[in-house]
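Observations on the three-dimensional arrangement
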Amino acid sequence: MNQPNIIAFATQKGGAGKSTITTHLASALYYLYGYKVAVMDCDHPQHSLHAYRIDEQTRVQNEEAFRQRLLKQGRRPYPVYISSVQEASSSITALFEQDYDFILIDTPGTVNVMGLPDLLRLIDYIFLPVEPDKGSIASTMAFMGLLPAFTKQSDPDSNLVGYYAFWNKYLKAERKAIYDKTEELFQEKGLPMLQSRVENLITYKENRSTMFPLPEKELNRLGMGQLFMEVLSLVLGTGAVTPSGHTINFVAPERPVDTVPESTGNSTTESN
């Protein structure tokens, strides 16, 4: 029986993009990289990721072009399950018998849920999307402050190896100093942060799909290709080869030069 890699995207802030990122990563892992993947949607009550799948199943039934595209792709879509947080541990453990390589978990947008500690102990890696606004930064830092108690180092019954924040909905027009100062604050507090930055472009949300992957060129344009390589380098190690023949090799993106005058103020971020 294969021990799957269990990954979760988590945040306490609604609209931070965790369901969208989970969908894109699951589709990349399955359709592009060839891994056997399952998704467990624990984000009650909306279950957004499961809703994406239901919408696409409806399109398969009603749209001939969509159905033919799926047939041409030649792969059955990966499964998307739903579960309450309270039952998530037993639901996920039951999937171990199906020999998945990855199980991705969409978590609820709050830490005040019964059963969440057991779920956190089952996860191997947690990734937290953060936006350049005070509310997102503060809630992410607060959530990360709770996670050390659930790591292997603190709890021998836990699987949690590590947790990392990353910039999501990154805006090039935003002042570079905002990002730099936040990263310095995270470093000062001992809160790990990935180097990848996912840009806030329209295709980021509009082209999410549980049945088709975003093309690699588009993933890289958005910064998600780099994010996924950085995630896989942590989980599997640099140099590992995916079933489809991709070599995992993360190259840190170049840091932008701040060209926006200080007096222009902050740009607003788009809600998810």
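Each remark here, short or long, concerns the structure printed above.
Summary of the structure given here.

The rules behind each value
Residues numbered from 1 in each chain as written. Predicted model: local features only at pLDDT ≥ 70, side-chain atom pairs only at ≥ 80, totals over all residues. Heavy atoms only, no water. Phe/Tyr/Trp six-rings, centres within 6.5 Å; stacked < 30°, edge-to-face > 60°. Helix = DSSP H or I, 4+ residues; strand = E, 2+ residues; numbered from the N terminus. Buried < 20%, exposed > 50% of the residue type's maximum accessible area, 1.4 Å probe, protein only. Lys NZ or Arg CZ within 6 Å of the ring centre and 35° of its normal. Pairing = 2+ DSSP bridges. Axes fitted to C-alpha atoms, helices over the stretch in contact; angles between N-to-C directions. Contact = heavy atoms within 4.5 Å. Expected span 1.5 Å × (residues − 1). Polar contact = N/O pair within 3.5 Å; in protein donor to acceptor, adjacent residues only side chain to side chain. Core = buried A, V, L, I, M, F, W, Y, C linked by side-chain atoms within 4.5 Å. Right-handed = clockwise from strand over helix to strand, strands pointing away.

So, about the packing of aromatic side chains. On inspection of all chains with the given rule, the structure shows 11 aromatic pairs. Judged by centre distance (5.6 Å) and plane angle (75°), the ring pair of Tyr30 and Tyr78 falls under edge-to-face. Of this pair, Tyr30 sits in helix H1 (residues 18-32) while Tyr78 sits in the loop between helix H3 (64-73) and strand S3 (80-82), placing them 48 residues apart in sequence. The pair formed by Tyr30 and Tyr78 is uniform in burial state, with each residue classed as buried. Aromatic pair Tyr31 and Tyr78: ring centres 5.8 Å apart, planes at 50°, arrangement tilted. Linking Tyr31 in helix H1 with Tyr78 in the loop between H3 and S3, this pair joins segments that are 47 residues apart in sequence. Judged by relative accessible area, which is 1%, Tyr78 ranks as buried. Its end group placed over the ring of Tyr100, Lys36 keeps NZ or CZ at 5.2 Å from the ring centre. The ring of Phe212 has Arg69 lying over it, and the distance from NZ or CZ to the ring centre is 3.7 Å.

With respect to topology, seven strands assemble into an open sheet ordered S3-S2-S4-S1-S5-S6-S7, the strand pairing being parallel. Unpaired on one side and paired on the other, S3 and strand S7 (193-199) mark the two borders of the sheet. Each strand axis lies, on average, 25° off the axis of its neighbour in the sheet, ignoring direction. Taken strand by strand, helix H10 (residues 224-235) contacts strand S1 (5-9), strand S4 (102-106), strand S5 (125-130), strand S6 (162-170) and S7, and its axis lies near 155° from that of S7.

Turning to helix H6 (residues 134-146), a few remarks are in order. Given 3.6 residues to a turn, an α-helix orients residues that are three or four positions apart in the same direction. The end-to-end C-alpha distance of H6, which contains 13 residues, comes to 19 Å, matching closely the 18 Å that a straight helix rising 1.5 Å per residue would cover. Restricting attention to buried positions, one finds in H6 the residues Ser136, Ile137, Ser139, Thr140, Met141, Phe143 and Met144. Tucked inside the fold, the buried residues of H6 contact S5, S6 and helix H7 (176-188). Capping the start of H6, Asp133 holds a side-chain oxygen 3.0 Å from the backbone nitrogen of Gly135, two or three residues further along.

Attention now goes to the nonpolar core. In terms of nonpolar packing, the biggest core is built from 43 residues, with Leu29, Tyr33, Phe102 and Phe127 touching the most fellow members. Ranked by residue count, the leading element in this core is H1, at eight residues. Once you skip the residues sitting within four places of it in the chain, Leu29 turns out to touch Gly34, Tyr35, Val37, Phe102, Leu104 and Leu232.

Moving on, we come to the pairing of S5. Counting buried residues along S5, six of its six residues qualify, which places the element largely inside the surrounding structure. Side chains Tyr125, Phe127 and Pro129 of S5 all project onto a buried face; the interleaved residues Ile126, Leu128 and Val130 project onto the opposite face, where all are buried too. Where S1 lies against S5, three bridges are found, and the strand directions are parallel. From the neighbouring strand, Phe9 faces S5, where its bridge partner is Phe127. Bridge count for S5 against S6 is six bridges, and the pairing is parallel. Along S6, the bridge assignment pairs Ile126 with Tyr163. Read from S5 through H6 to S6, the crossover connection turns out right-handed.

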